[in-house]
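One-letter residues, chain by chain:
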Amino acid sequence: MKKSTLAAIACALFSAGAPAGTIEMKVYGLVCGFCAQGIEKTLRKNPATADVFVSLENKLVAIGTRDGQDISDADLTKALTDAGYDVKGIARTERSMAEIRTALKAAAK
Amino acid sequence: MKLVSGLAACVLLCAPAAFSKPIAFAHGTTVMAEYGAGTMNEAQIFYAPTFKYSLGLGYLELDSDQNGRKREISYARVNYLVKRWNMESAQANVFTWGSIGNARVSEQRSDVFSWNAGAQIDYETRRVYGSLKTDLNRSSAFSHRVDTLQLGVAPYKHEADSLATWFVVQGRRYTGEIHDGTEWALLLRLFKRGAWVEAGVTQDGKLQAMAMVNF
């Protein structure tokens, strides 16, 4: 992956003050499709979750929340910890879920 | 025993390690069936209330290629995740389990109470993996331990929603006159999302295969 892409992801992950709607989490321990499956299953149980995207390459779990709803950092950390993974960073970003998918797929090529 | 100790040291010290886990993920159900070269067949179903443990039922068939004796063991099992290490691009685990059940013993033509204890250590990235598993089955009529080493390499890094491909070398040893020596097999493993299949051949040209579904 290009350094500029990594920098953009890091910037998006840790930028402060972005409006809610998309939550991006850096997660350790993501090594297979089963990990992604378990995390998606856990997060989709939250009524505020509209969409979930997991990127193993970027150690990223992104959540699209429903309009006007949010999930607290404590609840996100608990959900991921209870699923068996370690959360290393949480950020609300302005990127839409579609933009995240497109950017990461492009970066992977 | 020296071979097993050596393999264990290799897994622990040389890095690569993982394989199918007795606990896939919290609130997940795992269904697995394995055909092991005619000497060992097993089927299991587990449900994991949390990522730390799972409960389930299984059936194990051991067929000796030395004396023709056969054990058919039906069991109830608890699996427990002793320790997990989540690293930036890797994961390692230590699992243990125990079960009790009923065993049909061919030479006695009778059923006996049986119990089982086992453990697994694994380590995996998206390119290399390895696991070492030991599984002891005992009853008043038999004692068999099955030790399995798997070392795998992936030709590419898979993503969460893409097909994962692995080439795996498996070494398996049995005690209690099931099979003499180490049974080596080369396997092709494919998985995507919750579905997993693998197949290969042993050094004797026998089929070794496994299928698993997580949901």
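Description of the structure in this document. This one's a predicted model, so the numbers in the text were calculated from it and none came from an experiment.

As for the overall build of chain B
Right, on to step 1. Secondary structure assignment for chain B yields one helix and twelve strands.
Right, on to step 2. Across chain B, helices and strands are ordered from the amino to the carboxyl terminus as α-β-β-β-β-β-β-β-β-β-β-β-β.
Right, on to step 3. Across its three principal directions, the C-alpha atoms of chain B cover 50 × 40 × 30 Å.
Right, on to step 4. Buried residues in chain B amount to 41% of all 215 residues.
Right, on to step 5. Taking contacts inside chain B between residues at least 6 apart in sequence as the whole, the part at least 24 apart equals 50%.

Details of the overall build of chain A
Right, on to step 1. Check the secondary structure of chain A and you find four helices and four strands.
Right, on to step 2. For chain A, the succession of helices and strands along the chain, N to C, is α-β-α-β-β-α-β-α.
Right, on to step 3. With 109 residues in all, chain A has 39% of them scored as buried.
Right, on to step 4. When contacts within chain A are restricted to residue pairs at least 6 apart in sequence, those whose partners lie at least 24 apart make up 70%.

Quick notes on the nonpolar core
Right, on to step 1. Core analysis: the biggest nonpolar cluster contains 48 residues, and A:Leu30, A:Ile39, A:Val54, A:Val61 and A:Ala83 have the highest contact counts within it.
Right, on to step 2. Broken down by element, the residue count for this core peaks at five residues, all from helix H2 (residues 33-43) of chain A.
Right, on to step 3. Those residues in contact with A:Ile39 that lie beyond four places of it in its chain are A:Val54, A:Val61, A:Leu80, A:Ala83 and A:Tyr85.
Right, on to step 4. Judged by nonpolar contacts, the second largest core, of nine residues, contains B:Met40, B:Tyr75, B:Val146 and B:Ile178.

Considerations on the sheet that holds strand E9 (residues 164-174) of chain B
Residues and elements named next belong to chain B.
Right, on to step 1. Read around the barrel, twelve strands follow the order E1-E2-E3-E4-E5-E6-E7-E8-E9-E10-E11-E12 and close on themselves; strand pairing throughout is antiparallel. Strand-to-strand, the axes of this sheet are offset by a mean angle of 15°, without reference to chain direction.
Right, on to step 2. Summarising the sheet, strand E1 (residues 28-36) and strand E2 (residues 40-48) pair through nine bridges and their orientation is antiparallel. Bridging from a neighbouring strand, Met-32 pairs with Gln-44 of E2.

Side note on the pairing of strand E2 (residues 49-55) of chain A
Residue and element names in this part refer to chain A.
Right, on to step 1. Strand direction decides the pairing type here: E2 and strand E3 (residues 60-65), joined by six bridges, are antiparallel. Within the sheet, the bridge partner assigned to Phe-53 lies in E3 and is Ala-62.
Right, on to step 2. Hairpin connection, E2 to E3: the antiparallel pair is bridged by four residues, and Lys-59 has positive phi, about 55°.

Criteria and thresholds
Residues numbered from 1 in each chain as written. Chains lettered and ligands numbered in written order. Predicted model: local features only at pLDDT ≥ 70, side-chain atom pairs only at ≥ 80, totals over all residues. Helix = DSSP H or I, 4+ residues; strand = E, 2+ residues; numbered from the N terminus. Buried ≥ 20, exposed ≤ 12 C-beta atoms within 10 Å, placed from the backbone. Contact = placed C-beta atoms within 7 Å. Core = buried A, V, L, I, M, F, W, Y, C linked by C-beta atoms within 7 Å. Pairing = 2+ DSSP bridges. Axes fitted to C-alpha atoms, helices over the stretch in contact; angles between N-to-C directions.

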